[in-house]
Amino acid sequence: MLSNPKQDEIEIEEFHVDRQKVGLRRALTQIRDTISFELRRNLNRFLVILLVYIGFFILGVLIFESAEALGLPIAADSAEYVKGYLELNFGFLIVISGAAFGGSIIAEDYHKQTNNLLFPKSRKANILIGRLIARYLLMAACLLFFYLLVAGITLIKYEEIPLTIFNSFGWALYFSFAILSFITMLSSFMKNTSMTIIMGIMITIIVFEMIPMLISMSGVFEKNEFPLFFVLTYYGRIVSESLAMPNPRYSVETIQMMDSEPVETMTWLTPSEIGAFFGILIYISILLLIAYLRYKKRQSKGE
Amino acid sequence: MNNDVMIRFSNLTKKFKDFYAVSNIDLEIRKGEIVGFLGPNGAGKSTTMKMLAYLLKPSEGEIWIRSNGELKKLSSHNKDYLLDNIGFLIENPTFYGNVTPRLVLKYFAKLKGYPRKQVNKRVEEVIAIFGMSDWIDKKIKTFSKGMRQKIGVASAIMHDPDIVVLDEPSTGLDPQARREVRDLILKLKKIGKTIFLSSHLLYEVSEVADRVAIINNGKLIAFDTLDNLEAKAKKSIIHFELIRQPEENIENMLKNIEEIVTPLTGISTELNWVDYNEDSKVFQIFFNGHPENQLNILETLLKNRYKIIEFSVPKAGLLENLFLEMVNPEGNHDFNNNSQNNLNNLEKELIMEVQ
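Residues numbered from 1 in each chain as written. Chains lettered and ligands numbered in written order. Predicted model: local features only at pLDDT ≥ 70, side-chain atom pairs only at ≥ 80, totals over all residues.

S.K.: Is there a simple way to explain the overall build of chain A in this structure?
M.R.: For chain A, the helix and strand inventory stands at ten helices and two strands. A separation threshold of at least 6 residues defines the contact pool for chain A, and within that pool the share at least 24 residues apart is 80%. (Helix = DSSP H or I, 4+ residues; strand = E, 2+ residues; numbered from the N terminus. Contact = placed C-beta atoms within 7 Å.)

S.K.: Mind showing me how you'd approach the overall build of chain B here?
M.R.: When helices and strands are tallied, chain B shows twelve helices and 14 strands. Looking at chain B residue by residue over its 355 residues, the buried ones come to 43%. Looking at chain B alone, contacts between residues at least 24 apart form 69% of all its contacts between residues at least 6 apart. (Buried ≥ 20, exposed ≤ 12 C-beta atoms within 10 Å, placed from the backbone.)

S.K.: Sorry, what's going on with the interface of chain A and chain B here?
M.R.: Note on interface size: it is often stated as the accessible area lost on association of the parts. With 34 residues of chain A at the contact, the number on the chain B side is 43 residues. Where the side of chain A that touches chain B is concerned, the elements lending two or more residues are helix H1 (24-41) and helix H5 (115-118) of chain A. A breakdown of the residues in the side of chain A that touches chain B according to their chemical character gives nine nonpolar, 15 polar and ten charged. (Nonpolar A, V, L, I, M, F, W, Y, C, P; charged D, E, K, R; others polar.)

S.K.: What is the right way to read the nonpolar core from this model?
M.R.: All names here are of chain B. In this structure, Val 165, Leu 197 and Ala 213 are the most contacted members of the largest nonpolar core, which totals 78 residues. Broken down by element, the residue count for this core peaks at seven residues, all from helix H3 (residues 101-111). Not counting the four nearest positions on each side in its chain, Ala 213 is found in contact with Leu 27, Val 35, Gly 36, Phe 37, Leu 38, Leu 220 and Phe 223. (Core = buried A, V, L, I, M, F, W, Y, C linked by C-beta atoms within 7 Å.)

S.K.: Just to check I follow, could you spell out the sheet that holds strand S11 (residues 236-242) of chain B for this structure?
M.R.: One key point about sheets: their strands pair by backbone hydrogen bonds, in either a parallel or an antiparallel sense. All names here are of chain B. In space, the four strands of this open sheet follow the order S12-S13-S11-S14, with antiparallel pairing throughout. The sheet is open, and its two edges are formed by strand S12 (274-277) and strand S14 (308-312), each paired on a single side. Strand-to-strand twist across the sheet, computed as the mean angle between neighbouring axes with direction ignored, equals 20°. Judged from the four bridges that link them, S12 and strand S13 (residues 282-287) form a sheet pairing that is antiparallel. What sits directly across from Val 274, in S13, is Ile 285. Running over the sheet, helix H10 (residues 291-303) touches S11, S13 and S14 and is turned about 135° from S13. (Pairing = 2+ DSSP bridges. Axes fitted to C-alpha atoms, helices over the stretch in contact; angles between N-to-C directions.)

S.K.: Any chance you could explain the packing of H1(A) against helix H6 (residues 124-158) of chain A here in plain terms?
M.R.: All names here are of chain A. Put simply, H1 and H6 touch, their axes get as near as 8 Å, and they point 40° apart. When the axis of H1 is compared with that of H6, the two are oblique. Judged by the twist between their axes, the crossing of H1 over H6 is right-handed. From H1, Ala 27, Gln 30, Ile 31, Thr 34, Ile 35, Glu 38 and Leu 39 reach across to H6, where they touch Asn 126, Ile 127, Ile 129, Gly 130, Arg 131, Ile 133, Ala 134, Arg 135, Leu 137 and Leu 138. Across the contact of H1 with H6, the residue classes tally to ten nonpolar, four polar and three charged. (Parallel < 35°, antiparallel > 145°, perpendicular 65-115°, else oblique. Left-handed = near helix turned anticlockwise from the far one by under 90°.)

S.K.: I tried to follow the sheet that holds strand S8 (residues 194-199) of chain B on my own but got confused; where do I start?
M.R.: All names here are of chain B. In spatial order, the strands read S6-S7-S8-S3-S9-S10; together these six strands make up an open sheet with mixed pairing. Each edge of the open sheet is held by one strand with a lone partner, namely strand S6 (86-89) and strand S10 (219-225). Pairs of neighbouring strands in the sheet enclose a mean axial angle of 15°, with direction left out of account. Across six bridges, the pairing between strand S9 (residues 211-216) and S10 is antiparallel. Looking at S10, one finds that Arg 211 is bridged to Thr 225. Along the sheet face, helix H6 (residues 175-190) touches strand S3 (34-38), strand S7 (163-167) and S8 and points at about 155° away from the line of S8.

S.K.: Sorry if this is basic, but what is going on with the environment of B:Ser155 here?
M.R.: Following the sequence through the fold, B:Ser155 ends up in helix H5 (residues 145-157). Classification of B:Ser155 by C-beta neighbours within 10 Å gives buried; the count is 25. Taking the C-alpha atoms as reference, B:Ser155 lies 7.5 Å from B:Leu89; in sequence the two are 66 residues apart. Among all residues touching B:Ser155, those that are not within four sequence positions of it are A:Leu117, B:Leu89, B:Pro93, B:Leu105 and B:Phe108.

S.K.: For this particular structure, what's the right way to read the environment of A:Leu43?
M.R.: Residues and elements named next belong to chain A. Tracing the sequence through the fold places Leu 43 in helix H2 (residues 43-69). Residue Leu 43 is classed as partly exposed on the basis of its C-beta count, with 13 C-beta atoms lying within 10 Å. As for Leu 43 and Ile 282, which are separated by 239 residues in sequence, their C-alpha atoms are 30 Å apart.

S.K.: I tried to follow helix H8 (residues 193-218) of chain A on my own but got confused; where do I start?
M.R.: Since one α-helical turn is 3.6 residues long, residues separated by three or four positions face the same way. Residues and elements named next belong to chain A. Across its 26 residues, H8 extends 35 Å between first and last C-alpha, which sits within 8% of the 38 Å expected from 1.5 Å per residue. Maximal helix bending in H8 amounts to about 40°, located at Ile 203. Buried within H8 are the following residues: Thr 196, Ile 197, Gly 200 and Thr 204. Here the buried face of H8 lies against helix H3 (78-102), helix H4 (107-111) and helix H7 (164-189). (Expected span 1.5 Å × (residues − 1). Bend = angle between axes of the 7 residues up to and from the residue.)

S.K.: Got a minute to help me understand the confidence of the model for chain A in this structure?
M.R.: Low pLDDT means the predicted atomic positions in that stretch should not be read closely. Averaged over chain A, the pLDDT score is 86; the fraction of residues at 70 or greater is 88%. Throughout residues 1-10 of chain A the model reports pLDDT below 50, and contacts reaching past four residues in sequence, or to other chains, amount to 13 contacts. (pLDDT = per-residue confidence, 0-100.)

S.K.: Please clarify how H2(A) should be interpreted in this entry.
M.R.: Residue and element names in this part refer to chain A. The first and last C-alpha atoms of H2 sit 39 Å apart over 27 residues, in line with the 39 Å expected at 1.5 Å per residue. Where H2 is concerned, the buried positions are Ile 49, Tyr 53, Phe 57 and Gly 60. Residue Gly 71 follows H2 closely and has a positive phi angle near 80°.

In structure tokens form, the structure reads like this:
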């Protein structure tokens, strides 16, 4: 079945091939080809994630329409309506898509041993850059699609789209790259793609959310007077908050334990725009640097 | 002679914690030759190949590769440059399942800088060599292990390198596909490619290799041409079959054959042995390998009314035993104890000689 009757007639011709020389130009070509290959390779994954986005959007529509039908208070304006969708499940969607697109980015090479095929052909840095760009483009496409859906339904309901939706979309793109970088860093340490995805989701959704609580309980900062700049997911809050900036960045609550004096404590709601910009930038830089160094140092089976 | 060297391993060593996977390997591969790298599973073949591909860094020693006429030491600074002219197939290749051979081979060819305008034609040519043209646009996840292996070999030669490194290329292939890979290797040699081929199957290597390096427990225990290895052995094994299976007691027959051929084998009496394999129905006579002795033995057997229909000296025959003995001196083989003891004595001599 496999044999081609013509194969005996096929001879390997001897000819000289001028391959592109090794250097910067080759490196750029490798990155471009990796992007193109990864876009096609991840197409099915992209479609699945897109369906998840659609599913969550429909869920949001059902919740808001049901609330309206039950006579619960509805959003006062279009910006608040958009914010409702983003606060409902958008952070979770970014984490899910970041884990799905980034989970295999490095771990797969060692798990499936595709490294044996790839690494003799290209520098790891070129592969990593190409993969990151391709997967980020796919992730960005999912985000764009979701924003278009939300903008569409907002237009139907309020006959306008808030201009701040563009701010929000910009922050969503920026923050999602930070999530992708985090998952990529995790992937560089993990041996298995599935474990990377599970761990990535658990850490971002559970562990990061627990850090502020643990710090608050530990009493290190008496009034929680420092913003949560060290928590990656904290920066994600700007995605929805940017719809109505400037917002109060924190709220102050008074807590009184049984036999103690009442204590004022601060709850941080959102980073400032400048703080978020640099915070995310620092996060991305550190995470990608760790990922690259680990990827570069990591050797084949038998390491 | 030095100008011919394409790859040189110099004192190559790889240590994992306290375990030496590869130990002090010195090896040179010359232009246009096929070097077989032979050893049992876990001997250190793949580790050596991975160091050559820079997938693993050597703990000690050096790897030298010829590029643009100059032999250069492989390092992180020049690895792209030096490895550019080598095609690798390391271990069983795992491909991304949801892509087609066309897509993945195009990608690999482009990564290696193959002229973009010729890539499509090249992919189709290489796929045709393996008789897989009908499968070029099918998802790799639907392929058998053997088909994936073919794609792996194809990926190694996609960019038309001068040196091809194949690690167990026939693993998982059916006999037909093995023959195709073997023919392909010979075709590559014919057009001047240098090939470094690892295998744990002596037969596979002996069919194509100009020289054979035998590795065991990370150490190189022999490196020479097949003929020289046999010459070092100075002995060989005659295989013959009778027109009818022996009716009388096989022990008596073996005794009789041993009596009549012992003076003709050209080896000392204590090393003589004759054996019969009941599964293959093949008699084996150990002799000194000289064609004259071979002819005398045949004539004597015929004179003694042994109706022989098949009489040969397989090239891999002795070498196989030599290999098994070298890598597993205490292993059990198919021969009876007496023959085995004799062989053990001989192989001990050989190991000393080769080392």
